[in-house]
Amino acid sequence: MPDLSTHVGQLRDLADALEAQSEPACDPFAPHPDTLDVVNNRHTKRGQLNYAVPDVLQLQRRIRRYHADHDIQHGDIVALALDAWLRAKSYPPDLKPPKAEAS
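Residues numbered from 1 in each chain as written. Predicted model: local features only at pLDDT ≥ 70, side-chain atom pairs only at ≥ 80, totals over all residues. Heavy atoms only, no water.

**Points about the overall build of the protein chain**
Here comes step 1: Across its full length, the protein chain carries five helices and zero strands.
Here comes step 2: Beginning at the N terminus, the succession of helices and strands in the protein chain can be written as α-α-α-α-α.
Here comes step 3: Scored against the burial criterion, the 103 residues of the protein chain give a buried share of 9%.
Here comes step 4: Considering only residue pairs separated by 6 or more positions, the protein chain has 55% of its internal contacts joining residues 24 or more positions apart.
Here comes step 5: Accessible surface computed for the protein chain: about 9,400 Å², of which carbon and sulfur atoms make up 57%. (Helix = DSSP H or I, 4+ residues; strand = E, 2+ residues; numbered from the N terminus. Buried < 20%, exposed > 50% of the residue type's maximum accessible area, 1.4 Å probe, protein only. Contact = heavy atoms within 4.5 Å. Areas by Shrake-Rupley, 256 points an atom, 1.4 Å probe, with all protein chains shown as cover.)

Here you go:
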């Protein structure tokens, strides 16, 4: 019988990748549960994200208003919005399990 262990490993990797992608929700802007876990964990390492965006879109003003209305931090608003958009475009994150981050 041939050794299929290589193929089994590839199939498991593929299954894990497919499992990481969520089913489309009723609300396409609903945050992914994994993203909410990351954003809500205040021990998550954070980095600065700087991009020039068109002033006419008034993104900074709109983020400040959303923060005032919903008490969600500015960085979390940006993270949730970008994550939802990138997931919708088939670019999910490669999140490490919490145990891997702890080491």
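**Notes on the side chain of Asp76**
Here comes step 1: Structurally, the position occupied by Asp76 is in helix 4 (residues 74-88).
Here comes step 2: For Asp76, a relative accessible area of 3% translates into the label buried.
Here comes step 3: A polar side-chain atom of Asp76 sits 2.6 Å from a polar atom in the side chain of Arg42. (Polar contact = N/O pair within 3.5 Å; in protein donor to acceptor, adjacent residues only side chain to side chain.)

**So, a positive patch on the surface**
Here comes step 1: Among the surface-exposed residues, Arg61, Arg62, Arg64 and Arg65 lie close enough to one another that they form a single positively charged patch.
Here comes step 2: For Arg61, a relative accessible area of 33% gives the class partly exposed. (Patch = residues over 30% accessible without salt bridge, like charges linked within 9 Å, V, L, I, M, F, W, Y side chains within 5 Å. Salt bridge = Lys/Arg side-chain N within 4 Å of Asp/Glu carboxyl O. Lys, Arg positive; Asp, Glu negative; His and termini not counted. Charge placed at Lys NZ, Arg CZ, Asp CG, Glu CD.)

**Brief notes about unusual backbone geometry**
Here comes step 1: For Gln58, which is not glycine, the phi dihedral falls at a positive 50°.
Here comes step 2: By the secondary structure assignment, Gln58 is in the loop between helix 2 (33-40) and helix 3 (59-70).
Here comes step 3: Of note in this structure, Ser90 is not a glycine but carries a positive phi near 70°.
Here comes step 4: By the secondary structure assignment, Ser90 is in the loop between helix 4 and helix 5 (98-102).

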